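Chain and residue survey
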Amino acid sequence: MARQIFTNARVVTPAETFLGTVELHAGRIVRVDLGATRAPGAQDLEGDLLLPGLVELHTDHLEKHLEPRPGVRWPAAAALVTHDAQVAAAGITTVLDALSVGDFDDTSVRSRGLRANIQALDEAREAGWLRAEHFLHLRCELPSANVVELARPLLDHPRLRMVSLMDHTPGQRQWTDLEKFRTYTQKDERWSDATLAAEVRRLRELHARHAEPNREALIALCRGRGLALASHDDTLEAHVHDGLAAGIGISEFPTTEAAARAAHALGMGVVMGAPNLVRGGSHSGNVSALHLAKLDLLDALSSDYVPHALLHGAFLLRDAAGWPLARAVSTASHNPARLAGFEDRGAIAVGQRADLVRVRERHGVPVPLTTWRGGERIA
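Fair warning: this is a prediction, and the values are worked out from it, not measured in the lab.

Our next topic: the side chain of threonine 59. One can find threonine 59 in strand β6 (residues 54-59). Residue class for threonine 59 comes out buried when judged on its relative accessible area of 2%. Excluding residues that lie within four positions of it along the chain, threonine 59 makes contacts with His83, Val95, Leu96, Asp97, Ala98, Ser303 and Asp304.

The terminal C-alpha atoms of helix α2 (residues 76-89), which comprises 14 residues, lie 20 Å apart, in line with the 20 Å expected from a rise of 1.5 Å per residue. Those residues of α2 lying buried are Ala76, Ala79, Leu80, His83, Asp84, Val87 and Ala88. Mapping the buried residues of α2 onto a view down its axis gives an arc of 155°, with all of them on the same face. Those residues of α2 that are buried are in contact with β6, α1 (61-66), β7 (92-101), α4 (114-127), β8 (133-141) and β15 (365-373). A positive phi of about 90° marks glycine 91, the residue just after α2.

As a further point, take the state of the cysteines. Counted under the stated rule, the structure contains zero disulfides. Free cysteine cysteine 140: the closest other cysteine sulfur is in cysteine 222, separated by 6.8 Å.

Another point: the sheet that holds strand β10 (residues 228-232). Taken together, eight strands build an open sheet; the order of strands is β6-β7-β8-β9-β10-β11-β12-β13 and the sheet is parallel. This sheet does not close on itself; its edge strands, each paired only once, are β6 and β13 (300-302). The average angle at which neighbouring strand axes cross in this sheet is 25°, direction not considered. Bridge count for β10 against strand β11 (residues 250-252) is three bridges, and the pairing is parallel. Directly across from serine 231, in β11, lies its bridge partner serine 251. Against the sheet, α4 engages β7 and β8, with an angle of about 160° to β7.

Let's shift gears to the packing of α2 against α4. Taken N-terminus to C-terminus, the directions of α2 and α4 make an angle of 60°; their axes are 9 Å apart at the nearest point. If you check the angle between α2 and α4, you find them oblique. Of the two possible hands of crossing, α2 and α4 adopt the one that is right-handed. Touching Ala76, Ala77 and Leu80 of α2 are Ala116, Asn117, Ala120, Leu121 and Ala124, all from α4.

Definitions and limits used
Residues numbered from 1 in each chain as written. Predicted model: local features only at pLDDT ≥ 70, side-chain atom pairs only at ≥ 80, totals over all residues. Heavy atoms only, no water. Helix = DSSP H or I, 4+ residues; strand = E, 2+ residues; numbered from the N terminus. Buried < 20%, exposed > 50% of the residue type's maximum accessible area, 1.4 Å probe, protein only. Contact = heavy atoms within 4.5 Å. Expected span 1.5 Å × (residues − 1). Arc of directions from axis to C-beta. Disulfide = S-S within 2.5 Å. Pairing = 2+ DSSP bridges. Axes fitted to C-alpha atoms, helices over the stretch in contact; angles between N-to-C directions. Parallel < 35°, antiparallel > 145°, perpendicular 65-115°, else oblique. Left-handed = near helix turned anticlockwise from the far one by under 90°.

Everything listed is a geometric property; what it means functionally is a separate question.
Following this line, the structure appears as structure tokens:
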């Protein structure tokens, strides 16, 4: 592979932003210099920002393409190709596709498509169809009766990087507010109070029977496998302390300031959804990501269900929280990479993989113009 030189770029490293030049060779960054160069063949980026390729820890965006409308099942390979193209176009070069293991509804796309989705990912990767580099993140729904049975054969998958323990039982964690639960869950129908009460009762019974034994079993199975472990929707300080005691290192989408503060104090990585920043708050009525950022309680962002939100959210940390751009961009690149155990990406530095994204701001919105993975243009 020939050497590539990008110059006259505002280079964003984990420590600073400066006008500079970045040289690539054989898929790696080999030089990072201050100032522009007139070296033959250097590509002038015209003062645009040059960021490290973004690293996405938790996106269920693939599931949106698997079920583009309620009840419509889309072919897994076709859904994946569309998802991958949108991810790459958003500047994301490494993505952990968060696939649900276990669900409250046995007929859902999450319940029916798990193995087919993973097979599609494996086949597409082996065939060289994918632009971004895809890994697996298993979102394990603890109250589901068969979650351990479903997860067990997947824990040694070579692309698995992360497991999160989730409990969406209404009345706690994400769904402390039952009215928010009703609005989100009922979709096209209006639940009566009696229907809501019956559904809450059913789900709480599943929680009582399965959540704790499934949690213990999954933690035991994950131990020693080198996987990043996350606790999802921590609400109480006790949730955080229980997670740390079990070897969990990531508090994913904590719902309260108290939980985020406890996680931060204990050295756990605090991950929040970038859509929370873009929308100006949580759709579930939980703590604001911007509020946590202003308290220095935020380590990483996830695009969750909108790929471009990862880049947009990082820039909002600069604009709304007053963070330096280098620190803000690290929440979408360097920090999530390290939380997932990647040491070779997420930063513009000598020796790192040449995952890069050229960005130009338009009317306050960051626009990814070009994305490179390992020095190869992918979008």
